[in-house]
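Next come the chains, spelled out residue by residue.
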Amino acid sequence: MIKKVFFIWILLVSLYTSAQGNYPKDVFRPPLDIPLILAGTFGELRSNHFHGGIDIKTQQRQGLPVYAIGDGTITRIKVSLYGYGKVLYVAHPNGYTSVYGHLQKFGPEIQEYVKKIQYQKKAYEIEVFPDYGELKLEKGQIIAYSGNTGGSSGPHLHFEIRSSITEKPTNPLLYGYEVRDATNPVLDKLFAYPLSKEAQVNQSNDKVELNFSKQKDGTFLADKVIASGAIGFGFLGYDRQDMAANKNGIYSVQLLLNGNVYVDYDFETFAFKETRYINTLIDYEHYGKYRQKIQQCFLTPGNKLKIYNVIKNEGKISVKEGLSYSIELLLKDLEGNLTKAIIPLEGKKEPIKIKKEIVKTDNYVIAKKPNNYDLGGAKVYFPSNTFYKDFYVDLKKDNDTVTIHNSRVPVHRNFTLTFDTSKYSKEERKQLLIARLDKKLKPNYATTYKRGNTFTTKTRNLGTYTLVKDTIAPKVRAKNFKEKQWLNNYSYLSLQISDDLSGIDTYSATLNGEWILMEYESKKNTLTYNFDDKILNQKHCELVVVVTDNVGNSTTFTSSFYRK
């Protein structure tokens with residue numbers, strides 16, 4: 001019995017150890033047949049999330065063959081205007097799932113499978129989950145071609161490896177892929193933070209930027225910090241691989257106090273459900289002002305990240321008067337390249353010369369409780385845990401415009417903004433929408449739910465919202481053909497569509513009365529029909545395209561052409 005229990009214990013420990021870091025390094029092949037040069041690394045700090053994979057450069061081209069990294073079966077296919085665009089998910093027998101995003105198109109068999117479903121559903125955007133084994137793949141099989149679809153800002157392949165069971169992504173570079181990297185991470189700026197009421201750093205109770213210089217041995221030495229009370233440290237930095245100028249994310253961060261590890265976190269893995277907590281890792285107020293992501297080496301309210309290997313006293317250093325401390329900040333990449341900064345610290349109370357400004361308003365949000373505000377003609381409702389911490393919220397209303405604080409406070413959950421539109425007629429309300437104003441006061445459509453006189457939007461963006469009318473229908477024009485033109489040698493039809501305010505909601509197209517698939521590329525505002533669909537059986541073709549915006553304004557484009 002004891003032997004049996006011991007065996008089970010050993011097995012569990014083995015499985016746990018394997019789950020923590022023993023990744024197969026000779027099983028998977030690369031997804032591309034070109035040198036792996038990265039435009040983005042795993043765990044990189046993105047807007048409201050950590051990057052869930054690596055971005056592989058495709059030599060500024062589209063259409064490179066993408067290969068299955070191992071034997072497997074396709075378990076998910078998605079075609080979307082945003083996010084990963086065209087994306088494939090492949091489950092492998094060893095318990096991992098590989099993900100390939102921003103694809104230009106799928107391999108022939110997969111493309112035919114997807115197109116059949118698109119025609120059945122009469123929709124470009126689809127998401128399907130093939131039965132296990134329905135679409136089997138072999139290692140090295142061409143499954144797609146690289147592209148720039150979805151939220152991509154340039155041609156590349158987004159590549160992930162996840163656990164098939166937990167769906168947690170892990171750093172793909174842990175699986176033996178070679179990326180040339182002999183470059184140390186870059187330390188841009190250092191900061192010290194007072195973290196208690198009585199704390200101070202260099203005669204300030206607000207965060208302080210620290211001066212530092214490079215030493216002969218390659219390390220950085222900061223000017224001595226004079227402080228007292230609970231303090232913490234943060235930094236701005238990035239990593240570069242060889243052959244690329246991209247400022248990528250740093251893999252590992254350690255903070256040492258008097259030679260002992262005090263804070264240690266890395267980007268081996270994380271859970272998608274916790275990724276928005278990135279807004280507690282960074283100094284979000286600083287980000288809202290300067291668009292710079294300072295990584296804080298201490299915990300702030302609401303931080304539920306599991307990326308920490310060590311976090312003593314929440315990363316807060318209790319500085320006592322009369323004592324001296326040595327702080328070391330270590331930034332590492334996966335290849336072991338290291339950047340080290342040393343911060344000498346002396347405990348001493350000094351007169352405060354710089355005080356942190358705290359702006360108080362009439363409204364104070366308790367983060368863990370629901371908060372409801374009636375502004376007269378508009379209401380704002382914050383559910384519990386909309387925010388990470390309590391704060392004074394600034395709410396203003398001027399006619400049909402509501403300002404909800406500013407962009408320096410992170411929002412975790414959707415909150416609700418409701419307008420009373422009873423002063424508008426029924427006809428006026430049809431073309432009315434809620435819009436968020438950008439810095440240049442340009443209105444951007446916020447998804448508007450209409451119920452009688454009540455207009456509501458749900459959002460995670462603080463800022464200024466207003467009611468605006470959209471009376472102009474979308475514009476539609478032919479891009480690569482003319483009326484009554486012979487198109488025998490054409491492989492596709494292309495149209496340009498656009499909308500000035502609320503944005504495109506739906507579109508549909510028919511050719512000689514039959515629905516056709518038109519691919520919508522929202523970044524270029526184009527609709528494209530591929531003649532390879534072979535739906536044509538007449539020389540004279542009548543094309544009808546209907547485009548509708550988000551308030552119902554519609555444009556019908558008609559054209560005729562010839563093809564045999």
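Here we summarise the structure given alongside this text.

So, how was this worked out
Sequence order as written defines residue numbering, which begins from 1 separately in each chain. Totals for whole chains, interfaces and linings use every residue, but because this is a predicted model, local features are given only for residues with pLDDT of at least 70 and side-chain atom pairs only at 80 or more, for both listing and counting. Here the side-chain values reflect all heavy atoms present in the structure, with hydrogen atoms and water set aside. Here a salt bridge means any side-chain nitrogen of Lys or Arg lying within 4 Å of a carboxyl oxygen belonging to Asp or Glu. We call Phe, Tyr and Trp rings a pair once their centres come within 6.5 Å, taking the six-membered ring for Trp, and we label the pair stacked below 30 degrees between planes, edge-to-face above 60, and tilted otherwise. Relative accessibility under 20% of the residue-type maximum defines a buried residue, over 50% an exposed one, and the middle range a partly exposed one, all with a 1.4 Å probe and only protein chains included. Charge over a ring is defined by NZ of Lys or CZ of Arg lying within 6 Å of the ring centre and within 35 degrees of the ring normal. Segments assigned H or I by DSSP are reported as helices when at least four residues long, segments assigned E as strands when at least two residues long, and all are numbered from the N terminus. We treat two strands as partners when DSSP finds at least two bridges between them.

Taken as a whole and assessed by the stated rule, the structure comprises 16 salt bridges. Put simply, Glu-160 and Arg-162 hold a salt bridge, and the shortest N to O gap is 2.6 Å. Members of the salt-bridge network, linked through shared partners, are Glu-44, Arg-46 and Asp-55.

Attention shifts here to the packing of aromatic side chains. A complete count under the given rule lists 27 aromatic pairs for this structure. Between Phe-387 and Phe-391, the ring centres sit 4.9 Å apart and the planes meet at 80°, which makes this aromatic pair edge-to-face. Each member of the pair, Phe-387 as well as Phe-391, carries the same accessibility label: buried. Among the aromatic residues, ring-to-ring pairing joins Phe-42, Phe-50, Tyr-265, Phe-267, Phe-270, Phe-272 and Tyr-308 into one connected group. For the cation-ring pair, Arg-76 lies above Tyr-89, with the distance from its terminal atom to the ring centre recorded as 4.5 Å. Lying across the ring of Phe-531, Arg-563 places its NZ or CZ 3.9 Å from the centre.

Sheet faces and side chains relate simply in a regular strand, where the side chains alternate between the two faces. Judged by how many residues are buried, strand β20 (residues 225-238) sits mostly within the fold: 13 of 14 residues are covered. Pairing of strand β15 (residues 186-194) with β20 involves eight bridges; the strand directions are antiparallel. If you follow Val-186 over to β20, its bridge partner there is Tyr-238. Bridge count for strand β16 (residues 200-201) against β20 is two bridges, and the pairing is antiparallel. Pairing of Val-201 across the sheet is with Ala-227, part of β20. Sheet topology note: the β20/strand β25 (residues 317-319) ladder contains three bridges and is antiparallel. Each residue of the ladder has a partner; that of Ile-231, found in β25, is Ile-317. Across two bridges, the pairing between β20 and strand β23 (residues 295-296) is antiparallel. Across the sheet, the residue bridging to Gly-234 is Gln-296, located in β23.

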